[in-house]
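Here's the letter readout for the chains.
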Amino acid sequence: MEFGEFKDRLDKTAEYVDELKEQAIDENRINNLTRIADKLEFLKDFLDDEDDNIQVLQRYKSKMDSQNSKGPLYEVCKTLIDGFEKIYPFLIDVNSNEVDLYNLLNELSNQSFFQLLTAYKVLKHLDGHDKTLVILGPNGSGKTSFANYLKRADTHVKVIPASKPIMAIGN
């Protein structure tokens, strides 16, 4: 699967779902189509991001094929690429006018996939980072959750909780 082809099929599917929504009468069907349309729009925004999400994913896809890379971003990219590949068969083919909406809705209902898209937006800034990383922020901002995720994704991550105030002295 190439991401350019994925984007084309994603656009066609979004247009098709919008057409079906306009024609739908049953409220349950309209709600399901709206849920699909919202998820497709989220995916389109992710792939149209000016930070070149597609190029980063493509680079990690080639790394997966050529070497045994590891690290948090690698694991997230691998999982995202797997998720895109699961969705791909349910998107409209260029020569088709139908889509298996039930299976597409099931695939798009995977909340963890969409949470990974959000995590990726943060993790991509760590691409190539191999030094000590210090995460600071107010209570409740998600530092521990983020650190625990990184720890699960990479065995080289160590979390040292701060038990006392940290002071920096210097110019």
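Residues numbered from 1 in each chain as written. Predicted model: local features only at pLDDT ≥ 70, side-chain atom pairs only at ≥ 80, totals over all residues. Heavy atoms only, no water.

**Student:** Can you explain the overall build of the protein? Please cite residues and give values.
**Tutor:** Tallying secondary structure elements over the protein gives 7 helices and 0 strands in all. What you see in the protein, going N to C, is helices and strands ordered as α-α-α-α-α-α-α. Evaluated residue by residue, the protein yields a buried proportion of 33% over its 171 residues. Carbon and sulfur atoms form 48% of the exposed surface of the protein, whose accessible area is close to 11400 Å². (Helix = DSSP H or I, 4+ residues; strand = E, 2+ residues; numbered from the N terminus. Buried < 20%, exposed > 50% of the residue type's maximum accessible area, 1.4 Å probe, protein only. Areas by Shrake-Rupley, 256 points an atom, 1.4 Å probe, with all protein chains shown as cover.)

**Student:** Give a detailed account of the pattern of salt bridges, specifying residues and quantitative values.
**Tutor:** On inspection of all chains with the given rule, the structure shows 3 salt bridges. Where D48 meets K7, a salt bridge forms, and the shortest distance between an N and an O atom there is 2.7 Å. Of the two residues, D48 is situated in the loop between α2 (27-47) and α3 (53-66) and K7 in helix α1 (residues 3-23); the sequence distance between them amounts to 41 residues. A salt bridge links K44 to D11, with the shortest nitrogen-to-oxygen separation between them at 3.8 Å. Placement of the pair is K44 in helix α2 and D11 in helix α1, with a sequence separation of 33 residues. Residue class for D11 comes out partly exposed when judged on its relative accessible area of 29%. Via salt bridges that share partners, D11, E41 and K44 belong to a single interconnected network. (Salt bridge = Lys/Arg side-chain N within 4 Å of Asp/Glu carboxyl O.)

**Student:** I'd like a description of the nonpolar core, backed by residues and values.
**Tutor:** The nonpolar side chains of soluble globular proteins are, as a tendency, buried together. L43, L57, L80 and F84 are the most contacted members of the largest nonpolar core, which totals 41 residues. Residue assignment for this core shows that the elements contributing at least two residues are α1, α2, α3, α4 (72-87), α5 (101-108) and α6 (111-123). Aside from chain neighbours lying at most four places away, what touches L57 is F3, F46, C77, L80, I81, F84 and Y120. (Core = buried A, V, L, I, M, F, W, Y, C linked by side-chain atoms within 4.5 Å. Contact = heavy atoms within 4.5 Å.)

**Student:** Account for the confidence of the model for the protein, naming residues and giving values.
**Tutor:** Averaged over all residues, the pLDDT of the protein is 77; the fraction at 70 or higher stands at 77%. Per-element averaging of pLDDT across the protein places α3 at the bottom with 70 and α2 at the top with 90. (pLDDT = per-residue confidence, 0-100.)

**Student:** How would you sum up a negative patch on the surface? Please name residues and give values.
**Tutor:** Taken together, E2, E5, D8 and D93 make up a surface patch of like negative charges. One can find E5 in helix α1. E5 sits in the partly exposed class, given a relative accessible area of 41%. (Patch = residues over 30% accessible without salt bridge, like charges linked within 9 Å, V, L, I, M, F, W, Y side chains within 5 Å. Lys, Arg positive; Asp, Glu negative; His and termini not counted. Charge placed at Lys NZ, Arg CZ, Asp CG, Glu CD.)

**Student:** Please set out α2 residue by residue, giving values where relevant.
**Tutor:** For α2, with 21 residues, the first-to-last C-alpha span of 30 Å sits near the 30 Å given by 1.5 Å per residue. For α2, the set of buried residues is L33, I36, A37, L40, L43, K44, F46 and L47. Among the residues of α2, the N-terminal cap falls to D26, whose side-chain oxygen and the backbone nitrogen of N28 are separated by 3.3 Å. (Expected span 1.5 Å × (residues − 1). Polar contact = N/O pair within 3.5 Å; in protein donor to acceptor, adjacent residues only side chain to side chain.)

**Student:** Tell me about the side chain of T13, and please be specific about residues and values.
**Tutor:** As for its placement among the helices and strands, T13 is situated in helix α1. Classification of T13 by relative accessible area gives buried; the value is 0%.

**Student:** Tell me about the packing of aromatic side chains, residues and numbers included.
**Tutor:** Here the structure, examined in full by the defined rule, presents 7 aromatic pairs. Note on F42 and F114: the rings are 5.5 Å apart at their centroids and 65° apart in plane angle, and the pair reads as edge-to-face. Taken together, the positions of F42 in helix α2 and F114 in helix α6 put the pair 72 residues apart, joining distant regions of the chain. Take F42: its relative accessible area is 33%, and that puts it in the partly exposed class. Overall, the relative accessible area of 6% leaves F114 in the buried class. A ring pair is formed by F84 and F113, whose centres lie 5.4 Å apart and whose planes are at 90°; its orientation type is edge-to-face. Within this pair, whereas F84 is found in helix α4, its partner F113 is found in helix α6, the two being separated by 29 residues in sequence. (Phe/Tyr/Trp six-rings, centres within 6.5 Å; stacked < 30°, edge-to-face > 60°.)

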